[in-house]
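Chain residues, written in single-letter form:
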Amino acid sequence: MLLALDVHYKENYAKSVGVIFNTTDDTPVQSLVEIINEVEDYVPGQFFKRELPCLLKVIETVDLSTIEAIIVDGHVYVDNDYKLGLGGYLYEALNKQIPVIGVAKRSFHNTEEVSKEVFKGQSKNPLYVSAIGMDLQKAVTIVSQLHGDHRIPTLLKLLDNITKSE
């Protein structure tokens with residue numbers, strides 16, 4: 001099973017959502033929603049300080065022994081020198097026990113060695129996949145197998161929709 005996570009920030013709170021699913025599923029096994037009333041301010045270059053506590057709030061409700069990997073909307077590394085991004089900080093917060101796959105819509109400059117482009121469906125725009133705690137090629141295979149005929153896999157799109165809904 002995989003756990004995909006995302007956060008959406010409202011005016012005075014954050015909505016953190018997780019979906020648990022099998023790789024090729026088109027519907028989640030379970031959806032999880034947590035509202036976080038006290039959210040850190042955004043600090044440029046330190047986004048993880050705002051996002052990580054929100055992700056961990058959802059993870060607290062999950063039996064991680066059933067999870068093969070966690071997918072985050074973002075990068076594991078922000079440069080080829082392996083400087084950690086959100087996914088890398090999440091991996092460390094989980095005591096390096098669960099692999100984390102970053103799936104981002106945009107690349108960072110100087111990350112071509114730590115991420116791979118994945119093209120889904122007929123899209124000419126790739127997703128940028130990175131991983132920690134598992135081989136990058138395995139992460140690419142998992143993302144390539146996610147259900148959906150469009151750039152954004154079905155359940156990652158559903159996750160985004162749930163996160164942004166009232």
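Cut-offs used in this document
Residues numbered from 1 in each chain as written. Predicted model: local features only at pLDDT ≥ 70, side-chain atom pairs only at ≥ 80, totals over all residues. Heavy atoms only, no water. Helix = DSSP H or I, 4+ residues; strand = E, 2+ residues; numbered from the N terminus. Rg over C-alpha atoms; globule rule 2.2 N^0.38 Å. Buried < 20%, exposed > 50% of the residue type's maximum accessible area, 1.4 Å probe, protein only. Contact = heavy atoms within 4.5 Å. Salt bridge = Lys/Arg side-chain N within 4 Å of Asp/Glu carboxyl O.

Description of the overall build of the protein chain
Here is step 1: Secondary structure assignment for the protein chain yields four helices and seven strands.
Here is step 2: N-terminal to C-terminal, the α/β element order of the protein chain is β-β-β-α-β-α-β-β-β-α-α.
Here is step 3: For the protein chain, the C-alpha radius of gyration of 15 Å lies close to 15 Å, the compact-globule estimate for 166 residues.
Here is step 4: For the protein chain, with 166 residues in total, the buried portion stands at 49%.
Here is step 5: Residue pairs in contact within the protein chain that sit at least 24 positions apart in sequence constitute 63% of those at least 6 positions apart.

A closer look at the pattern of salt bridges
Here is step 1: Summed over the entire model, instances satisfying the criterion amount to three salt bridges.
Here is step 2: One salt bridge in this structure joins Asp73 and Lys105, with 3.2 Å as the shortest N-O distance. In this pair, Asp73 is assigned in strand β4 (residues 69-73) and Lys105 in the loop between β5 (100-104) and β6 (116-118), connecting sequence segments 32 residues apart.
Here is step 3: Owing to a relative accessible area of 30%, Asp73 belongs among the partly exposed residues under this scheme.
Here is step 4: Of the charged contacts, one joins Lys164 and Asp160 as a salt bridge, the two residues approaching to 3.3 Å between their closest N and O atoms. Placement of the pair is Lys164 and Asp160 together in helix α4 (residues 154-164), with a separation of four residues, close to one helical turn.

Everything listed is a geometric property; what it means functionally is a separate question.
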